[in-house]
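Coordinate inspection notes
Chain residues, written in single-letter form:
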Amino acid sequence: KILITLLKPFSFAPAILMMCVIYSFSAQTGEVSGALSYKVSYQIVETKNEILATGKSPDQLSQEASHIEFYVRKAAHMTEYCLLSISISFPLYVYGVRGIWLMLLAGIVCAGFAGLDEYHQSFVDARGPSVRDVGIDSCGALIGILLVQAFAGPPSIPLVEKNPERNAGKQENENKQKPGYPGREDINNPAGYPGFLYCCYIVFVQILHAFYSATYS
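Position numbers for residues count from 1 along each chain, tracking the sequence in the order it is written. In keeping with the model being predicted, local features are shown solely for residues with a pLDDT of at least 70 and side-chain atom pairs are shown and tallied solely at 80 or more, while totals for entire chains, interfaces and linings include all residues. With hydrogens and water stripped out, all remaining heavy atoms of the structure feed into the side-chain values.

1. A look at the state of the cysteines
- Working definition: a disulfide is two cysteine sulfur atoms within 2.5 Å of each other. In this structure the tally under the stated criterion is 0 disulfides.
- C110 takes part in no disulfide bond, and the closest cysteine sulfur to it belongs to C82, at a distance of 9.4 Å.

Here's what the structure looks like:
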């Protein structure tokens, strides 16, 4: 338990890392950001052309990539904030926040960061703030929050004393079943860490590593 207590602050690391990644993309100039979006869009249509054997020319692929570039950019926004909301939910869950409070706190932090990020873009060359992008980012965050609630809901099996007193200890036992009660643990997962969030952490780190490798190689 002492080790778990010491490691708890490190649960904020995924959220901080994800914020740094989002900030780094926002710091790119409009020209660099646009070139990256077009590159990803072109790779998508080129892969589709190879799989479906449509035989389109490079000019046709370029035109198709330009058509989907907007949607690729917005999908990237949603993906970033979906991962951010999951990574923010991780420390909240670790520190005992559950249910509606987890959803509210994670949502407020994500929406607030989205607004600050758009404001930051007003200082970047050839870029500017967009209320629509804040809404898109918030939708991505909502998806992440719902995934956390779906796969890592509140623990359902509380720790029960072996020989509780039927009358005098009844109220105490009821209190122990409430989230946030000191010393409450889950039998199947004593540390209170849902495996889903662990998996999300590993997956999004691998995705970021692969993306950076493909982008800057």
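Now that the structure has been shown, we can carry on.
2. Comments concerning unusual backbone geometry
- Positioned with a positive phi, A53 is a non-glycine residue whose angle comes to about 55°.
- A run of H or I in DSSP becomes a helix once it reaches four residues, and a run of E becomes a strand once it reaches two; helices and strands are each numbered from the N terminus. Counting through the fold element by element, A53 comes out in the loop between α3 (30–52) and α4 (58–94).
- In this scheme, a residue with accessible area under 20% of its type's maximum is buried, one over 50% is exposed, and one in between is partly exposed, where area comes from a 1.4 Å probe on protein chains only. On the basis of relative accessibility, which here comes to 63%, the residue A53 falls in the exposed class.
- Even without a glycine there, the phi angle at A126 is positive, about 65°.

3. Examining the packing of α4 against helix α6 (residues 131–151)
- Helix axes use the C-alpha atoms of the stretch in contact, all axes being lines fitted to C-alpha atoms, and the angles between their N-to-C directions lie in the range 0 to 180 degrees. Running from amino to carboxyl end, α4 crosses α6 at an angle of 45°, the nearest separation of the two axes being 7 Å. Relative to α6, the element α4 lies oblique. Our pair here, α4 against α6, has a crossing hand that is right-handed. Along the contact surface, α4 presents F70, K74, H77, M78, Y81, C82, S85, I86 and S89, while α6 presents R132, D133, I136, D137, C139, G140, A141, I143, G144, I145, L147 and V148.
- Only Asp, Glu, Lys and Arg are considered charged in this grouping, and only Ala, Val, Leu, Ile, Met, Phe, Trp, Tyr, Cys and Pro are considered nonpolar; every other residue, Gly among them, is considered polar. Within the contact of α4 with α6, the residues separate by chemical class into 12 nonpolar, 5 polar and 4 charged. In this scheme, roughly parallel covers angles under 35 degrees and roughly antiparallel covers those over 145, while 65 to 115 is roughly perpendicular and the rest are oblique. A crossing counts as left-handed when the near helix is turned anticlockwise from the far one by less than a right angle, and as right-handed when that turn is clockwise. The criterion used for residue contact is that any of the two residues' heavy atoms lie within 4.5 Å.

4. Digging into a nonpolar patch on the surface
- Patches in this entry comprise residues that are over 30% relatively accessible and not in a salt bridge; like charges within 9 Å are linked, as are nonpolar side chains (Val, Leu, Ile, Met, Phe, Trp, Tyr) within 5 Å. Every accessible area reported is derived by Shrake-Rupley at a probe size of 1.4 Å, with residue values counting cover from the shown protein chains alone. Think of a salt bridge as a Lys or Arg side-chain nitrogen and an Asp or Glu carboxyl oxygen that are within 4 Å of each other. Taken together, the side chains of I100, W101, L104 and I108 present a nonpolar region at the surface, about 470 Å² in accessible area.
- Counting through the fold element by element, I100 comes out in helix α5 (residues 99–121).
- I100 gets classed as exposed once you look at its relative accessible area, which sits at 52%.

5. Let's talk about the side chain of N49
- Checked against the element boundaries, N49 lands in helix α3.
- A distance of 3.1 Å separates a polar atom in the side chain of N49 from the backbone nitrogen of K56.
- Among residues more than four places away in sequence, those in contact with N49 are T54, G55, K56 and L61. In protein, a polar contact means a hydrogen-donor-capable atom and an acceptor-capable atom, both N or O and within 3.5 Å, with residues adjacent in sequence counting only if both atoms are side-chain atoms; elsewhere, any N or O pair within 3.5 Å suffices.

6. Some remarks on the side chain of S33
- Assignment of secondary structure puts S33 in helix α3.
- Leave out the neighbours within four places in its chain, and S33 touches Q28, R73 and R127.

7. Focus on the nonpolar core
- Counting residues in each nonpolar core, the largest one holds 20 residues, and the members touching the most others are I22, Y81, L84, I88, L92 and L102.
- Broken down by secondary-structure element, the contributors of at least two residues to this core are α2 (13–26), α4, α5 and α6.
- The contact partners of I22, leaving out residues within four places of it in the chain, are E80, Y81, L84, F113 and D117. The nonpolar core is taken to be a set of buried Ala, Val, Leu, Ile, Met, Phe, Trp, Tyr and Cys residues, with the residues joined through side-chain atoms within 4.5 Å.

8. A word on the packing of α2 against α4
- Where α2 meets α4, the axes come as close as 8 Å, and the angle between the chain directions of the two elements is 155°. Accordingly, the angle class assigned to the pair α2 and α4 is roughly antiparallel. When the axes of α2 and α4 are compared, the crossing they make is left-handed. From α2, P14, A15, M18, M19, I22 and F25 reach across to α4, where they touch E80, Y81, L83, L84, S87, I88 and F90.
- When the residues that make up the contact of α2 with α4 are grouped by side-chain class, the tally is 11 nonpolar, 1 polar and 1 charged.

Distances and angles like these do not, on their own, reveal function.
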